[in-house]
Amino acid sequence: MKNLREAKVGDTVKVVRLHGEGAVKRRIMDMGVTKGVEIFVRKVAPLGDPIEVNVRNYELSLRKADAEMIEVE
């Protein structure tokens with residue numbers, strides 16, 4: 001499986017699983033990233049951090065470290 005960081009600009013991916021523990025995982029879920037939700041990758045900054053995505057009809061910026069915890073298909 002790949003993670004959200006490996007997705008290319010323009011890809012629409014579906015969340016399979018969230019890795020991480022405790023507060024970090026809770027913060028990602030509070031932003032609307034949960035199992036089964038579709039994520040559209042809008043932009044990636046020149047150095048790869050942060051990643052701008054559309055989740056549940058709103059724009060969200062994620063750090064590379066957070067994006068690596070989101071397993072997608």
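Above this text is the structure in question.
Residues numbered from 1 in each chain as written. Predicted model: local features only at pLDDT ≥ 70, side-chain atom pairs only at ≥ 80, totals over all residues. Heavy atoms only, no water.

A.B. asks: Talk me through the overall build of the chain; I want residue IDs and the actual numbers.
C.D. replies: Assigned secondary structure in the chain consists of 2 helices and 6 strands. In summary, the chain has a C-alpha radius of gyration of 11 Å against a globular reference of 11 Å for 73 residues, a match within 12%. The dimensions of the chain, computed from C-alpha atoms along their principal axes, are 30 × 25 × 20 Å. By residue count, 34% of the 73 residues in the chain fall in the buried class. Pairs at least 24 apart in sequence give 55% of the contacts found in the chain among residues at least 6 apart. (Helix = DSSP H or I, 4+ residues; strand = E, 2+ residues; numbered from the N terminus. Rg over C-alpha atoms; globule rule 2.2 N^0.38 Å. Buried < 20%, exposed > 50% of the residue type's maximum accessible area, 1.4 Å probe, protein only. Contact = heavy atoms within 4.5 Å.)

A.B. asks: Quick one: what's the story with the pattern of salt bridges, residue by residue and with numbers?
C.D. replies: If charged atoms from side chains of opposite charge come close, those side chains can pair. According to the stated counting rule, one finds 6 salt bridges in the structure shown. Members of the salt-bridge network, linked through shared partners, are Arg-27, Arg-63 and Asp-66. (Salt bridge = Lys/Arg side-chain N within 4 Å of Asp/Glu carboxyl O.)

A.B. asks: So what's going on with the nonpolar core? Residues and values would help.
C.D. replies: In this structure, Leu-4, Val-33, Ile-39, Val-53 and Ile-70 are the most contacted members of the largest nonpolar core, which totals 19 residues. The residues contacting Val-33, other than those within four sequence positions of it, are Val-15, Leu-18, Ile-28, Ile-39, Val-55, Leu-60 and Ile-70. (Core = buried A, V, L, I, M, F, W, Y, C linked by side-chain atoms within 4.5 Å.)

A.B. asks: Quick one: what's the story with the sheet that holds strand 2 (residues 12-18), residue by residue and with numbers?
C.D. replies: By definition, the strands of a sheet pair up through backbone hydrogen bonds, in either a parallel or an antiparallel sense. Strand order in this open sheet of 6 strands is 1-6-2-3-4-5, and the pairing throughout is antiparallel. Single-partner strands in this sheet number two, and they are strand 1 (2-3) and strand 5 (58-62). Of the pairings in the sheet, the one linking strand 4 (residues 51-55) to strand 5 comprises 5 bridges and is antiparallel in character. Residue pairing across strands places Val-55 opposite Tyr-58, the latter belonging to strand 5. (Pairing = 2+ DSSP bridges.)

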